[in-house]
Amino acid sequence: MKAMAFIPVLLLAYSAFAQKDSAVTVNKKAITLKEVVVRSNLNVPAFIDRVKEDTTFYKAFRNLKVLGYTALNDIRMLEKKGDVKATLKSRTKQVVKDSCRWMKVLEETTTGDMYDKNHNFNYYTANLYAGLFFARDTICGESNIVKGNEFSTKNKSGIEKHKEQLKMLFFNPGKKIPGIPFIGNKIAVFDEEVSKLYDYIIDMNTFNGQMCYIFKLVPRADLNAGEKGKIVINEMTTWFNIDNWDIVARNYDLSYNAGVYSFDVSMEAEMTRFEDYLVPKVLRYNGSWGVVLKKRENATFTATLFDFTK
């Protein structure tokens, strides 16, 4: 009996030893490797470069410009205390033909003041959603090419400029965003001055049945008050399929208070494959945005995409 009782103790001791983390330094940056990653012989510098320079996430959303698909849309605008004040639920279908695309609304219900009297959205969060998933008019001549189609705020102002900045924040997390005052390069978490505020962690696990490398970025636990005030990305986690390097999913949590504006946003994106195209499958957003002289917006939305066609 004593020998049998001793076995679990041995197993626990072995487990603790087996799960010991390791660390490597890449360009003066310490990176934590989980034990399973150490055994995988991952080329860590190449992996970090891949994370920094990745465009496949943005490419997946640009693929929506050349594919047909059906979407279930759920947008909810919330009061400060969380009560719902306006909603939109719909099923839409994007049709593509002869290098053009347009959207059909198959079903739609709304509550509250989601639309104004001209059937335009009353909220810039809903406007952002529409810019990603709704083609109100027939649009022709677009492509899914990333190179040469980088985001830019040039010649944009007002809501269009804000939408472009939000897209930068969403599709290019970790890269400097021009035109957002007070943040500067605080978002550029791979630059040397900013990266020293963060821990980089590389792990391996499954996501929806796919074995993935996981890259996680979190603020260091030992930051002082001044350093904490420079943090914009509270957490960013990306899952990469180990066989083809597809981004399987990405989650991130961002917040900042600059006085004249503030935001606290979390986003989750899950991807899938349609033939040779990487495309978004589910997108979830929960966020609060406030700008001086404008009413704060609290919103959640979920987009579920399926039935892709060429």
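Nothing here was measured: the structure is a model prediction, and the numbers come from that model.

Remarks on the pattern of salt bridges
No. 1: Per the stated rule, a full pass over the model turns up 13 salt bridges.
No. 2: Residue arginine 39 pairs with glutamate 35 through a salt bridge whose shortest N-O separation is 2.6 Å. Note that arginine 39 and glutamate 35 are positioned in helix H2 (residues 35–40) at a spacing of 4 residues, about one turn of the helix.
No. 3: Judged by its relative accessible area of 55%, arginine 39 falls in the exposed class.
No. 4: For glutamate 35, a relative accessible area of 22% translates into the label partly exposed.
No. 5: With its nearest N and O atoms 3.3 Å apart, the salt bridge here joins arginine 284 to glutamate 268. Note that arginine 284 is positioned in strand S12 (residues 277–291) and glutamate 268 in strand S11 (residues 261–274), a separation of 16 residues in sequence.
No. 6: A cluster of three or more residues bridged by salt bridges with shared partners is formed by Lys65, Arg101 and Glu142.

Regarding the environment of tyrosine 69
No. 1: Topologically, tyrosine 69 is positioned in strand S3 (residues 68–78).
No. 2: The exposure class of tyrosine 69 is buried, given its relative accessible area of 2%.
No. 3: Tyrosine 69 sits 239 residues away from phenylalanine 308 along the chain, and the two C-alpha atoms are 4.3 Å apart.
No. 4: If we ignore the near neighbours within four places in the chain, the residues touching tyrosine 69 are Leu64, Thr92, Lys93, Gln94, Leu132, Phe133, Leu305, Phe306, Asp307 and Phe308.
No. 5: A distance of 3.3 Å separates a polar side-chain atom of tyrosine 69 from the backbone oxygen of phenylalanine 133.

Brief notes about the nonpolar core
No. 1: Membership of the largest hydrophobic core comes to 80 residues, with the highest contact counts inside it found for Phe133, Ile202, Phe215 and Phe263.
No. 2: Per element, the largest residue contribution to this core is 7 residues, and it comes from S11.
No. 3: Apart from residues lying up to four places away in sequence, phenylalanine 215 is in contact with Phe47, Ile48, Val51, Phe190, Tyr200, Ile201, Ile202, Met236, Thr237, Thr238 and Phe240.
No. 4: If you look at the next biggest cluster of nonpolar residues, it comprises 6 residues, including Cys212, Trp239, Val248 and Ala249.

Here's the deal with the pairing of strand S8 (residues 210–219)
No. 1: One ladder, built from 10 bridges, connects strand S7 (residues 198–207) with S8; its direction is antiparallel. Along S8, the bridge assignment pairs aspartate 199 with valine 218.
No. 2: Two successive antiparallel strands, S7 and S8, enclose a turn made up of 2 residues, where asparagine 208 displays a positive phi of approximately 50°.
No. 3: Relative to strand S9 (residues 233–241), S8 runs antiparallel, the two sharing 6 bridges. Bridging from a neighbouring strand, lysine 216 pairs with threonine 237 of S9.

Thresholds applied
- Residues numbered from 1 in each chain as written.
- Predicted model: local features only at pLDDT ≥ 70, side-chain atom pairs only at ≥ 80, totals over all residues.
- Heavy atoms only, no water.
- Salt bridge = Lys/Arg side-chain N within 4 Å of Asp/Glu carboxyl O.
- Helix = DSSP H or I, 4+ residues; strand = E, 2+ residues; numbered from the N terminus.
- Buried < 20%, exposed > 50% of the residue type's maximum accessible area, 1.4 Å probe, protein only.
- Contact = heavy atoms within 4.5 Å.
- Polar contact = N/O pair within 3.5 Å; in protein donor to acceptor, adjacent residues only side chain to side chain.
- Core = buried A, V, L, I, M, F, W, Y, C linked by side-chain atoms within 4.5 Å.
- Pairing = 2+ DSSP bridges.

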